[in-house]
Amino acid sequence: MPNDFNQQIIEEFRANAGEVGGPFEGARLILLTTTGARSGERHTTPVAYYADGDGDVLVIASAGGAPKHPDWFRNLVAHPQVTVESGVFTYEATAEVLEGTARDDAFARAVEADPGWADYQARTSRVIPVVVLHQMPSDGPPNVSASSMGQYVRLIHDAFRRELALIRKEIGNAGPALGAQLRINCLTFCQGLHNHHTGEDIGMFPFLADSHPDLAPVLDRLREEHERIAELTAELKQVIGADPAAATGPADPASPQRVREEVERLTAALEAHLTYEEEQLIPVLDAPPRPARPAGSTGSTGATGATGPAGSAGSAR
């Protein structure tokens, strides 16, 4: 793929928080930055990915079935530390090239999700590598390209919306049984949503309750909605966790139809929740800081609004 075409995708990706059009519209895409094996220079490449649980992602060095491995793969073999851009988050990761059964199982999952990977393998005599990117732990809050806390909240919400839309599309394209990769996508979404709501419950909401007591009814409603959404994700996880061998018809728990029903229930509840939170909290988060209280007074000052929510964002991933 020509570098100028890659650069166009990179610029569009960064300008639109991970959304691109053209041949990659609606695709699972990340930007992967590697260190050149020989030059030592940094190179960024758009690549397709699959969730692998626990914050890890899989990337496949297909090069469209070309006879040689892509440059980015040779780079990460020489220098396994890479940078990943998801469209919302930017983080450091360690690349691990899968071998043997682990590679074959991961590649089979990808083929089940998109048979095009098998076509690429058929075009080349090399075994197409599969790489897992392990997110490296960070002491600080996540790196998000947001100019304000309100924009930060909206970016994360929109990322959840896009992921849920992708999952709904994948369920619609599923066959009579739920594929292994689609199960992982659903479970990864549920865990990410749990982490995000937990971060809000222990970080942003207490900060807002202290600095804006008038928001108490809003925060109470949001916490209740968190509990309801947690119930819905638990029900979805229970359905996804059912043994596919036990399914005997469209109403069986593991069938795509049953999963679709649970996802639609979750989608409706989550969209209502996200919209209400944005309407109620973003104007507050983006409001100018309140004047500082006189010396000797108690309570939070407006100045803490710049660091309170952001300081708790590390647990919101």
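Residues numbered from 1 in each chain as written. Predicted model: local features only at pLDDT ≥ 70, side-chain atom pairs only at ≥ 80, totals over all residues. Heavy atoms only, no water.

(A) Highlighting the environment of G179. Looking at the secondary structure, you find G179 in the loop between α5 (149–173) and α6 (180–211). G179 sits in the buried class, given a relative accessible area of 13%. Separated by 76 residues in the primary sequence, G179 and S255 place their C-alpha atoms 9.9 Å from one another. (Helix = DSSP H or I, 4+ residues; strand = E, 2+ residues; numbered from the N terminus. Buried < 20%, exposed > 50% of the residue type's maximum accessible area, 1.4 Å probe, protein only.)

(B) View of the layout of surface pockets. Each pocket or cavity is described by its volume, and for the second largest pocket that value is around 1,200 Å³. Along the wall of the second largest pocket there are 43 residues; nearest its centre are Y49, S86, A159, E163 and T188. Of all elements in the fold, only β1 (29–35), β6 (89–97), α5 and α6 reach the threshold of two or more residues within the lining of the second largest pocket. (1 Å grid on protein atoms, 1.4 Å probe; cavity = no way out; pocket = protein on both sides within 12 Å on 5 of 7 lines; lining within 4 Å. Points joined across faces, edges and corners; volume = space filled by probe spheres on them.)

(C) Seen up close, the confidence of the model for the protein chain. Of the residues in the protein chain, 86% reach a pLDDT of 70 or more, and the chain-wide mean stands at 87. Throughout residues 242–253 the model reports pLDDT below 50, and contacts reaching past four residues in sequence, or to other chains, amount to 16 contacts. Here residues 297–317 scores under 50 on pLDDT; set against residues more than four positions off or in separate chains, the count is 39 contacts. (pLDDT = per-residue confidence, 0-100. Contact = heavy atoms within 4.5 Å.)

(D) Structural view of helix α1 (residues 3–15). When the terminal C-alpha atoms of α1 are compared, their 18 Å separation across 13 residues agrees well with the 18 Å that a helix rising 1.5 Å per residue should span. What α1 keeps buried is the set N6, I9, I10 and F13. Along α1, the residues classed as buried sweep out an arc of 100° about the axis, all on the same side. Facing away from the buried side of α1, by more than 90 degrees, are the exposed residues D4 and A15. On its buried side, α1 packs onto β1, β2 (42–48) and β5 (81–85). In the stretch just after α1, A17 is the one whose phi turns positive, near 50°. (Expected span 1.5 Å × (residues − 1). Arc of directions from axis to C-beta.)

(E) The arrangement of α6 in detail. Given a rise of 1.5 Å per residue, 32 residues ought to cover 46 Å, and the 45 Å separating the end C-alpha atoms of α6 matches this to within 8%. In the structure, α6 departs most strongly from a straight axis at E200, where the bend amounts to approximately 40°. (Bend = angle between axes of the 7 residues up to and from the residue.)

(F) Focus on the packing of α6 against helix α8 (residues 256–285). Packing of α6 against α8 brings their axes to within 14 Å, and their N-to-C directions diverge by 30°. What the angle tells us is that α6 and α8 run roughly parallel. For α6 against α8, the interelement crossing comes out left-handed. Side by side, α6 and α8 meet where F189, L193, H197, E200, M204, F205 and L208 of the first sit next to L266, L270, H273, E277, L281, V284 and L285 of the second. Grouping the amino acids of the contact of α6 with α8 by side-chain chemistry returns 10 nonpolar, 2 polar and 2 charged. (Axes fitted to C-alpha atoms, helices over the stretch in contact; angles between N-to-C directions. Parallel < 35°, antiparallel > 145°, perpendicular 65-115°, else oblique. Left-handed = near helix turned anticlockwise from the far one by under 90°. Nonpolar A, V, L, I, M, F, W, Y, C, P; charged D, E, K, R; others polar.)

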